[in-house]
Amino acid sequence: MIEKGLKILIVEDEFISRLLLREMLSPFGECHEAANGNEALSVLMDSFESPLDYFDLVCLDIMLPGLNGHELLQYIRKIEEEKGIVGEKIAKVMMVSSLSDTENIVQALVVGKCQAYITKPITRGRVEEQLRYLHLINDN
Amino acid sequence: MTLENIKAHLLAQFHLPEEQIEIMLPSFVSALESHMNDLDLALNENSIDKIAKVGHTIKGACLNLGLEAEAEVAFEIEQRGKAKESGSDFKELVDKLHLLMDPLLENSRM
């Protein structure tokens with residue numbers, strides 16, 4: 001089903017959603033978790049030290065305490081650029097939010113340049129569909 | 001809604017083994033209780049911003065557990081909070097959410 005184990009960061013402040021995301025994603029690789037933007041940045045900064053250690057996928061909630069998901073995404077892209085992580089090496093970012101309005105979706109996809117956006121409720125089917133869309137897992 | 005409804009939702013939407021759901025369920029119930037406590041605190045503080053944020057949090061949790069009626073009330077709390085509708089009767093909405101949630105949370109303690 002997958003060619004290699006993924007390195008995944010789940011940024012979600014709500015316990016139930018975070019746990020369910022971890023259950024959905026842990027079959028595909030190593031999951032790290034952060035409950036807010038500052039924690040996420042700290043985890044990401046550690047991973048920037050080695051290109052091989054960088055994340056394949058970041059699942060990012062939008063409404064977070066402190067830095068929100070949009071702001072965090074901007075930081076991620078800025079630091080990637082500074083560290084020379086470009087093209088195929090950038091993390092695939094999938095926003096996972098119960099915000100379904102056009103403004104937030106456009107901000108994430110167009111301005112923030114995330115690669116996927118799913119709205120809650122999450123399901124196994126929808127998560128895996130996005131992983132296939134992002135070419136992180138194969139079809140079978 | 002009952003715990004059995006939540007279990008059925010988790011089975012259907014997440015394809016989790018039943019044994020695993022049984023292990024996870026108490027922590028889910030505990031999280032819902034914590035969110036409701038936060039909502040009560042926000043209401044007591046009369047903080048519309050906090051009410052909106054906690055409403056949003058509860059909405060997300062309930063959506064993922066298949067608690068649709070509860071998610072709808074939480075969404076209304078969130079929306080009115082975001083619109084800073086100071087005239088809104090948030091207590092009425094929070095009471096409405098408690099009416100839906102409390103039986104579920106009490107059942108889990110039995």
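Preceding block: the structure.
Residues numbered from 1 in each chain as written. Chains lettered and ligands numbered in written order. Predicted model: local features only at pLDDT ≥ 70, side-chain atom pairs only at ≥ 80, totals over all residues. Heavy atoms only, no water.

Draft legend 1. Layout of unusual backbone geometry. A cis geometry characterises the amide bond from Lys120 of chain A onward to Pro121 of chain A, with omega recorded as 10°. You can see Pro121 of chain A is positioned in the loop between β5 (116–119) and α5 (124–133). (Helix = DSSP H or I, 4+ residues; strand = E, 2+ residues; numbered from the N terminus.)

Draft legend 2. The pattern of salt bridges, seen in detail. For the structure on display, the rule yields 15 salt bridges over all chains. Here Glu82 of chain A and Lys78 of chain A are joined by a salt bridge, their closest N and O atoms 3.3 Å apart. Taken together, the residues span about one helical turn, with Glu82 of chain A and Lys78 of chain A both in helix α3 (residues 69–82) at a distance of four residues. Given a relative accessible area of 55%, Glu82 of chain A falls into the exposed group. Notably, a salt bridge pairs Asp49 of chain B with Lys84 of chain B, separated by 2.4 Å at the nearest N-O pair. (Salt bridge = Lys/Arg side-chain N within 4 Å of Asp/Glu carboxyl O. Buried < 20%, exposed > 50% of the residue type's maximum accessible area, 1.4 Å probe, protein only.)

Draft legend 3. Quick peek at the sheet that holds strand β4 (residues 92–97) of chain A. All names here are of chain A. Read from one edge of the open sheet, five strands run β2-β1-β3-β4-β5, paired in parallel fashion. Looking at which strands have only one partner, the edges of the open sheet turn out to be β2 (29–34) and β5. The sheet shows a mean angle of 20° between the axes of neighbouring strands, direction not considered. In this fold α5 packs onto β3 (57–60), β4 and β5, with an angle of close to 175° to the strand it touches most, β5. (Pairing = 2+ DSSP bridges. Axes fitted to C-alpha atoms, helices over the stretch in contact; angles between N-to-C directions. Contact = heavy atoms within 4.5 Å.)

Keep in mind these numbers describe shape, not what the thing actually does.
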